[in-house]
Amino acid sequence: MTASGTTFGSVRRSALREFGSAVWTIMVKELRARMRGRRAFIVLTLYLAVLALITYGVYVVVGPAARAAADQQGGFGLAQANASRLVGQYIFTVLSIFQMIMVAMIAPAFTAGQISLEREKQTLDLLISTPMRPGAIVIGKLLTALAFVILMIVAAIPITAIVLMYGGASVDDIIRQQVLLLAVAVGVGAIGLFSSALMRRTQAATVLTYCIVLSLTLGTAMVFAFWTEVAQQDQTGFVQEREQAPEQLRYLNPMVGMLDIVSRVEVDGPTRFTSSLYELFGRDLASTPVSFACDGIGCEGFGGFDQPMPVPVDAFGQAGRTDYWWPRVAISFLIVAAVLTLASMRLVVPAGMRWALRRGGARRMAAASLGAPMIEELPETER
Amino acid sequence: MMSVPVVETRGLVKRYGDQLAVAGVDLLVGPGEIFGLVGPNGAGKTTTMKILATLLAPTSGEAYVTGIPVDADPIEVRRRIGYMPDFYGVYDDLRVWEYLDFFGRCYGVPSNRRAPMIGELLEIVGLGDRRDAYVESLSRGMRQRLCLAHTLVHDPALLILDEPASGLDPRARVEMREILRELRSMGKTILVSSHILPELAELCTGVAIIDHGRVLRSGSITDIERSLRSNALLRIELIADEAAIAAASDWLATDPRVGDVLRHDGGSGDTARLEVPFDGSADAQAELLRSMIDAGHHVVGFSQATSDLEEIFLRVTGQTDEENAA
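None of the values given here were measured: they were computed from a predicted structure. (Residues numbered from 1 in each chain as written. Chains lettered and ligands numbered in written order. Predicted model: local features only at pLDDT ≥ 70, side-chain atom pairs only at ≥ 80, totals over all residues.)

## A short note on the overall build of chain A
Secondary structure summary: chain A contains 14 helices and zero strands in total. N-terminal to C-terminal, the α/β element order of chain A is α-α-α-α-α-α-α-α-α-α-α-α-α-α. The buried share of chain A, taken over its 383 residues, is 42%. (Helix = DSSP H or I, 4+ residues; strand = E, 2+ residues; numbered from the N terminus. Buried ≥ 20, exposed ≤ 12 C-beta atoms within 10 Å, placed from the backbone.)

Following this line, the structure appears as structure tokens:
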């Protein structure tokens, strides 16, 4: 038993190594083509420059107002810390939302052509007639396409970390933001890859991808709002309390996730910048202000108590607030990524050969017992 | 191991909806052979090759590469073949050596073997000086040779080359042929297709002529020629005299070995030519000529229409068209 156990183990390990090296093969090739020359670095630099500029812009706009508010409150100690915190909150909020929009728009652009372009350029046949598993090809393509997006997300950490100087957002908030951005990048990237495997043409794949992404961000938000609106009125037109559309509708909305993270740092309630976003994506996402004091920047759109509050949000600020929306969004996107990647693998294999690839191991045994020449006679586990 | 053919198909059928692309193809290719699949466009060559390259599953029938069934164990088959499709693209944005390195990795060639292998392959296909060039800068013939090199990275037993010379200028065709000859001397088994028989004639050890998804003739080129010679086309030239010609035609028509006689007026006016399909050996032809002269016909010329490969091909594929029409 021990002997057979070790062979099984080593076979599985060698199959895994083979799979890994196939993924790496695809990545090396794609990265060679993609990262060659200065283009990738120029794009990254420009992106970071834009982020830095936005950060500076927020500081210039919000800074004086925050200081003025602090001066009104006495201009010392706590008031000044409060002003600084406000600047930090604003920077974090704007950067997070901007990055989320960028990720949702850029990640599919990188993946939507990955497989359809191989089809269009007639290179796919050469690729799939190699012994590489279709899974390795698809995952290699996804990882390569995402590599640059992930680089963009991670490279922006130092800029986001500026908020730590001001206060308002903590390291935990930045970690939450990063986790969500990465999960959405993987999910949206997989959506692009899937349409690329599904569609013959890159153009069609791109259109399909952006349609899906738009319907996930704006579409689900609108359906949710409309549904809630209808659900809150019964036939008599009386408003019923706490009737909401199924919350699962929002699990695949990256903006819901990001607003959830952002609202955690907005202890004074929604700011002028975010209040309209809460209007669109759900007022219940906004955090309830700790106090009713006007901070001089974002007085209106308190969110507050007149809204139904089905979410376990602590009415008194973030201290006791549980992570509710953003982990659900992140996990949903990872699940979507897994499902769509598996679906793409099937679509890459030429029709009619799918079953054969799966059952190859079993048949190989049969063939070996018939005396067919084998390079390696592997047990059935090698699949 | 010698007994195992490199390629074997039995009753291979591939159906696309109503259309029968391959209708029961039987092939047998032994080790070290260069086997040509010849047939007009749409004859089923590419489909057959794709089935062998594990890119299509056959509707029915069996196909084996070095004894391994292609539909049951495609991954193992892929390790043993190098496949060059009829239409394909190359990754423009890679350098030549990177392109081969990529496919080397795809086939799991260890890194310490890849670098020397790339050098050797580029020498074989005559791209040694293009190692660092971008693929997009290569000419069509060079790309074709690069694609051929990519089929060799894992040192496969069998090469499946679908129209490797299509779209090449004459010079590049000659180069391609030279490379194939070299590969043959290296002991590779090669399955190569073309819609032009002469292109393959001097290269191949065996040929299968395919049309409408069926193998019409299979064997060495001389075998095929011999099998067709028994069904030769005779050109008989006679003095141009209407009565004499009519008499000769009638006389010929009485011979059971003679098919439909066709009259072909010579340009000179002095002679007229009859084209006579004749089912018989060279002896029988001589016999026919003697008895014709004995019968008093004024034969000026008697010859067999030279059967070049082009004609063999046209005749073989033409016969089935007639059969189908019948």
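## What to know about the environment of Thr-25 of chain A
Here Thr-25 of chain A is to be found in helix 1 (residues 2-34). Between the alpha carbons of Thr-25 of chain A and Ala-136 of chain A there is a distance of 9.1 Å; along the sequence they are 111 residues apart. For Thr-25 of chain A, the residues in contact, after removing those within four places along its chain, are Gly-140 of chain A together with Phe-102, Arg-105 and Cys-106 of chain B. (Contact = placed C-beta atoms within 7 Å.)

## Points about the nonpolar core
The biggest cluster of nonpolar side chains holds 156 residues, and the ones touching the most others in it are Val-103, Val-184 and Ala-185 of chain A together with Val-65, Ile-160 and Leu-191 of chain B. Counting residues per element, this core draws most heavily on helix 3 (residues 77-111) of chain A, which supplies 13 residues. Those residues within four positions of Val-103 of chain A in sequence are excluded, and the remaining contacts are Val-149, Ile-153, Leu-181, Val-184, Ala-185 and Val-188 of chain A. Among the nonpolar cores identified, the runner-up in size contains 10 residues, and Leu-238, Ile-245, Leu-252 and Ala-272 of chain B belong to it. (Core = buried A, V, L, I, M, F, W, Y, C linked by C-beta atoms within 7 Å.)

## Brief notes about the interface of chain B and chain A
Contact residues are listed per partner, giving 35 residues for chain B and 27 residues for chain A. Counting residues per element, the ones that place at least two in the side of chain B that touches chain A are strand 5 (68-69), helix 2 (74-80) and helix 3 (96-106) of chain B. When its residues are assigned to classes, the side of chain B that touches chain A shows 22 nonpolar, five polar and eight charged. (Nonpolar A, V, L, I, M, F, W, Y, C, P; charged D, E, K, R; others polar.)

## Observations concerning the sheet that holds strand 2 (residues 19-29) of chain B
Residue and element names in this part refer to chain B. Read across the sheet, four strands follow the order 2-1-4-5 without closing on themselves; strand pairing throughout is antiparallel. Each end of this open sheet is capped by a strand with a single partner; those strands are strand 2 and strand 5. Contacts from helix 1 (residues 45-52) reach strand 1 (7-16), strand 2 and strand 4 (60-65) within the one sheet, and its direction differs from that of strand 1 by about 115 degrees. (Pairing = 2+ DSSP bridges. Axes fitted to C-alpha atoms, helices over the stretch in contact; angles between N-to-C directions.)

## Quick notes on the confidence of the model for chain B
Per-residue pLDDT for chain B has a mean of 84; in total, 90% of the residues score no lower than 70. As scored by the predictor, the complex reaches a pTM of 0.75 and an ipTM of 0.72. (pLDDT = per-residue confidence, 0-100.)

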